[in-house]
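# Residue-level structure breakdown
Here is what each chain is made of, one letter per residue.
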Amino acid sequence: MLQADLVEKKADELPGVNTRTSTTKLSKAKAIVFKIALVTALLISASTYFVNRPFNSFPVCTIKDGVDLCPQADELVPEKNGVIWESLQHTYSTEVFKARAIDWLGGAVRIPTETFDDMGDVTEPVWEKFLPLHDYLKDSFPLLHSNLELTKVNTYGLLYVWEGSDSALKPLLLAAHQDVVPVLETTINEWQHPPFSGYFDGESLWGRGSCDDKSGLIGIMSAIESMLENGFKPTRTVVIASGFDEEVSGVRGASSLATEMLDRFGENAFTMLLDEGSGYGEVYGRVIAVPGIAEKGTLNVRIKVTSPGGHSSLPPPHTSIGMLAELLVQYETNPFEVHLTRGSPTYRNAQCMAQHAPGVSSSLKEHMLRAEHCDGALRAAEQELFKNRAFMSLVGTTQAIDLVDGGVKVNALPEQAWAIVNHRISTESSIAATKVRDIELLESLANDFNLSYTAFGSHISNGDAPSYGTLTLSTVFGDGLEPAPVTPSGKDAAPFQLLSGTIKAAYNSHRNISGSDAIIVSPGIMSGNTGGVLSMYRISFGNDWDTDTRFYWKLTDHIFRYGHLGGAGGGSLPSGVHTVNEAISINSFVEMIRFYTTLVLNVDESSLP
Ligand SMILES: [Zn+2]
């Protein structure tokens, strides 16, 4: 397609800035102005492009033949450990094994391990609910418990070490949490089968934790028990870290486990880490697995306004509440600017979809193919992708005003009012950048209202000048969390490639097929502390916290949030994660066990450090 055609096409493809749904003339007018501006900008950039470039440099903005936006690893089947792998693949196909898998997972689901925000220190008796689970694990996985060394960390954290024969190799770290989100008393009647029944209906196993994350914990243990039954002895050490308060922040479990592992193994001591996260599913006509290679950060900002009190019969033009309201409007009329950045996890994901998913529109495909070298195409791709608000939210820093309070009495002027804005910070940004933007956003209003302005401990306005009241920005609910370091996922990133090949081998083996095309692997991003992973336009899981991996950043550069659960991110399987009717298909659970088995064997024989 010629550049000029592309420009023409752009005008038609613009998302319309809500013109279709908006009823106001103003927003229609804005949209038209915006369209004209964009088309003009595209025309200018196109004409400058043609004027300034010699003809032979034209290809930078065209599609190069054979360009591979999303190179795929080959299926990776264990070789050195091939005999054990083959034997286990056979075992996993049997009805006898399926029955064992139902028992193993069902028993764990039947032990309620709900965590709540207000449970206090681990010395509180309420935490003893984890003891029956520990006993259950010991009874159910006898070989694992006689071959692996178990340390209990901060009483309920489980740290298992399966010593390998070559201590020069960095261990593999597998993580899964023991706790589950609470079942609301008022929703119990909505469950098709009671939430802690572990009921198996012939296809799916029901109950809280059946997906999140007892399938992870029991899946790992089932794989290791089965490998031990087949006489497997690891060359490389395998470590399992299991926290017990992931759903309420991980400050007692994963945090203590991290300290223990740093003590014992040191920084950057693990070859890679796999924790819960996304799975795979069919999206836009292609089965795609999306290991999470990044997580957004978070920051909660309190905006507090104070002004003189008094009787409401003699009001000033603006009360604290009125001023706060204007400050909040200032937020909502100025969302963060969001751009798709080359090389970012969301960009990489869009590239993979463009390359491999037949259902992606041809225009988006073309934009993505050109976007690598052409800014205009990158912006065009962005326009199309951002029609989906969920995708846009994953790319950029977001803001949501979630809490507000002010005033005490109907006839008293409010001396103070405050609100809290929750930010989810883009993987391309930081806490500092988010703070700077918030500070600047409110500066002119603080000035207009003559408020003495302090933000995050620094005086922004002239501290000595007389003022009518104060405006204070501060962090609440902790100091915030930086976006996670992005795990390397390029062609040369050996751990990502090994994981990709493993996903393909497990997927294929479960279906008795071969080849490297049946399932595509794309890097993805956890949806900022919401435990979800982007698979293009869909979000799968939805925690309120990010995964326990936030405590494990120092242990390895290669952190993956992935559970090989079919259906997550696009399928039609029941999941009910964090809501009613959580259930897992036992077929999917057995496939997860295959995946953990294949991963341990592949890492064991790999040339990774
Ligand atoms: Zn979880």
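Not measured: the values here are computed from a predicted model.

As a further point, take the packing of helix α11 (residues 362–371) against helix α12 (residues 375–385). Closest axis-to-axis distance for the α11/α12 pair is 8 Å, and the angle between their directions is 140°. Between α11 and α12 lies a crossing of left-handed hand. Each of Ser 363, Leu 364, His 367, Met 368, Arg 370 and Ala 371 in α11 lies in contact with α12, whose residues at this interface are Ala 377, Leu 378, Ala 380, Ala 381, Glu 384 and Leu 385. Of the residues in the contact of α11 with α12, the class split is 8 nonpolar, 2 polar and 2 charged.

Here we come to the state of the cysteines. By the definition in use, this model includes 1 disulfide. Each sulfur in the disulfide pair Cys 70 and Cys 352 lies 2.0 Å from the other. The disulfide joining Cys 70 to Cys 352 has a torsion of about 85° about its S-S bond and is therefore right-handed. Here Cys 70 is found in the loop between α2 (25–52) and α3 (82–92), whereas its partner Cys 352 is found in helix α10 (residues 345–356), with 282 residues between them in sequence. Cys 352 carries the same exposure label as Cys 70, and that label is buried.

At this site the zinc ion is bound by His 177 (NE2), Asp 212 (OD), Glu 276 (OE) and Glu 276 (OE), with donor distances of 1.9 to 2.7 Å. Here the zinc ion binds 4 donor atoms, and the angle range of 53 to 147° at the metal identifies the geometry as irregular. Mapped onto the sequence, the donors of the zinc ion take the spacing H-x34-D-x63-E. Here Asp 212 lies in the loop between β4 (204–206) and α7 (214–229) and His 177 lies in the loop between β3 (172–175) and β4, a separation of 35 residues in the sequence. The pair His 177 / Asp 212 is uniform in exposure class, with both members buried.

Turning our attention to the pairing of strand β6 (residues 272–283). Within β6, 11 of the 12 residues are buried, leaving the element largely enclosed by the surrounding structure. As judged from the 3 bridges shared by β3 and β6, these two strands associate in the parallel manner. When the bridges of β6 are listed, Leu 172 appears paired with Met 272. Pairing of β6 with strand β7 (residues 286–289) involves 4 bridges; the strand directions are antiparallel. Bridge pairing in β7 links Gly 281 to Ile 288. Adjacent in sequence and paired antiparallel, β6 and β7 are bridged by 2 residues, among which Tyr 284 carries a positive phi angle near 50°.

Let us look at the UniProt feature "binding site: Zn(2+) 2" (unreviewed entry) in the chain. According to UniProt, the "binding site: Zn(2+) 2" (unreviewed entry) feature falls on His 177, Asp 212 and Asp 275. The greatest C-alpha distance among the annotated residues, which extend across 99 residues, is 11.4 Å, indicating that they converge on a single site. Aside from chain neighbours lying at most four places away, what touches His 177 is Asp 212, Asp 213, Ser 242, Gly 243, Glu 246, Glu 247, Glu 276 and Asp 548. At 3.0 Å, the side chain of His 177 forms a polar contact with the side chain of Asp 212. Tracing the chain through its elements places Asp 275 in strand β6. Excluding its chain neighbours within four sequence positions, the residues that come into contact with Asp 275 are Ala 175, Ala 176, Thr 547, Asp 548, Thr 549, Phe 560, Arg 561 and Tyr 562.

Counted according to the given criterion, the structure contains 15 aromatic pairs. An aromatic cluster of at least three residues, connected via ring pairs, comprises Tyr 92, Phe 97, Trp 104 and Phe 141. We note Arg 302 situated over the ring of Trp 418; from NZ or CZ to the ring centre the distance is 5.0 Å. Over the ring of Phe 336 we find Arg 437; its NZ or CZ atom is 3.8 Å from the centre of that ring.

With that out of the way, let us pick up the pattern of salt bridges. Two side chains bearing opposite charge may form a pair once their charged atoms approach each other closely. Summed over the entire model, instances satisfying the criterion amount to 12 salt bridges. Between Glu 149 and Arg 264 there is a salt bridge, with the nearest N and O atoms lying 3.0 Å from each other. With Glu 149 in strand β1 (residues 149–153) and Arg 264 in helix α8 (residues 254–265), the pair connects residues that are 115 residues apart, well separated along the chain. Between Glu 260 and Arg 264 there is a salt bridge, with the nearest N and O atoms lying 3.5 Å from each other. Remark: Arg 264 and Glu 260 occur in helix α8; sequence separation between them is 4 residues, near one turn of the helix. Given the relative accessible area of 35%, Arg 264 is considered partly exposed. Linked through salt bridges whose partners overlap, the residues forming this network are Glu 149, Glu 260 and Arg 264.

As a further point, take the nonpolar core. Residues Leu 137, Trp 162, Ile 224, Met 227, Met 272, Leu 274 and Phe 589 are the most contacted members of the largest nonpolar core, which totals 71 residues. Excluding anything up to four places from it in sequence, Trp 162 contacts Asn 147, Leu 148, Ile 224, Met 227, Leu 228, Phe 232, Pro 234, Arg 236, Thr 237, Val 238 and Val 600. The next biggest cluster of nonpolar side chains, apart from the first, holds 25 residues, and it includes Leu 324, Ala 417, Ala 419 and Val 421.

Comment: phi is negative for the bulk of residues other than glycine, and the bulk of peptide bonds are trans. In the segment running from Asp 212 into Asp 213, the intervening peptide bond is cis, with an omega of 5°. When you line up the elements, Asp 213 lands in the loop between β4 and α7. At Tyr 284, a position not held by glycine, the phi torsion is positive, near 50°. Following the sequence through the fold, Tyr 284 ends up in the loop between β6 and β7. Unlike most non-glycine residues, His 564 shows phi in positive territory, near 55°. Turning to its location among the elements, His 564 is positioned in strand β19 (residues 559–566). Here His 564 falls in the buried class, since its relative accessible area comes to 0%.

Low pLDDT marks regions whose predicted coordinates should not be analysed in detail. Mean pLDDT over the chain stands at 86; residues scoring 70 or higher make up 84%. Note on residues 568–574: pLDDT is under 50 here. Beyond four places in sequence and across chains, it has 19 contacts.

What follows concerns the environment of His 318. With respect to the helices and strands, the residue His 318 is situated in the loop between β9 (297–306) and α9 (320–333). We classify His 318 as partly exposed; its relative accessible area is 32%. Separated by 131 residues in sequence, His 318 and Phe 449 have C-alpha atoms that sit 8.3 Å apart. Ignoring anything within four residues of it in the chain, the contact list for His 318 reads Met 323, Glu 326, Phe 449 and Tyr 468.

With 18 residues, helix α15 (residues 494–511) extends 26 Å between its outermost C-alpha atoms, agreeing within 8% with the 26 Å of an ideal straight helix rising 1.5 Å per residue. Along α15, 16 of the 18 residues are buried, which leaves the element largely enclosed by surrounding structure. Positioned one or two residues after α15, Asn 512 has a phi angle of 60°, which is positive.

Taken together, the 6 strands give an open sheet; going across it, the order is β10-β11-β9-β14-β12-β13, and neighbouring strands pair in mixed fashion. Both edges of this open sheet fall to β10 (398–406) and β13 (458–459), since each of them pairs with a single strand only. Across 8 bridges, β10 lies against strand β11 (residues 416–425) in antiparallel orientation. Following the sheet pairing, Gly 406 is matched in β11 by Ala 417. Sitting on the sheet, α9 is in contact with β9, β10, β11, β12 (451–455) and β14 (469–475), with an inclination near 150° to β9. Along the sheet, helix α14 (residues 431–448) contacts β9, β10, β11, β12 and β14; its crossing angle with β12, the most-contacted strand, is approximately 180°.

Rules of the game
- Residues numbered from 1 in each chain as written.
- Predicted model: local features only at pLDDT ≥ 70, side-chain atom pairs only at ≥ 80, totals over all residues.
- Heavy atoms only, no water.
- Axes fitted to C-alpha atoms, helices over the stretch in contact; angles between N-to-C directions.
- Helix = DSSP H or I, 4+ residues; strand = E, 2+ residues; numbered from the N terminus.
- Left-handed = near helix turned anticlockwise from the far one by under 90°.
- Contact = heavy atoms within 4.5 Å.
- Nonpolar A, V, L, I, M, F, W, Y, C, P; charged D, E, K, R; others polar.
- Disulfide = S-S within 2.5 Å.
- Buried < 20%, exposed > 50% of the residue type's maximum accessible area, 1.4 Å probe, protein only.
- Donors = N, O, S within 2.8 Å, 3.2 Å for Na, K, Ca; no water.
- Tetrahedral: all angles 85-135°; square planar, octahedral: opposite > 155°, others 65-115°.
- Pairing = 2+ DSSP bridges.
- UniProt positions renumbered as here; feature names shortened; annotations may be inferred.
- Polar contact = N/O pair within 3.5 Å; in protein donor to acceptor, adjacent residues only side chain to side chain.
- Phe/Tyr/Trp six-rings, centres within 6.5 Å; stacked < 30°, edge-to-face > 60°.
- Lys NZ or Arg CZ within 6 Å of the ring centre and 35° of its normal.
- Salt bridge = Lys/Arg side-chain N within 4 Å of Asp/Glu carboxyl O.
- Core = buried A, V, L, I, M, F, W, Y, C linked by side-chain atoms within 4.5 Å.
- pLDDT = per-residue confidence, 0-100.
- Expected span 1.5 Å × (residues − 1).

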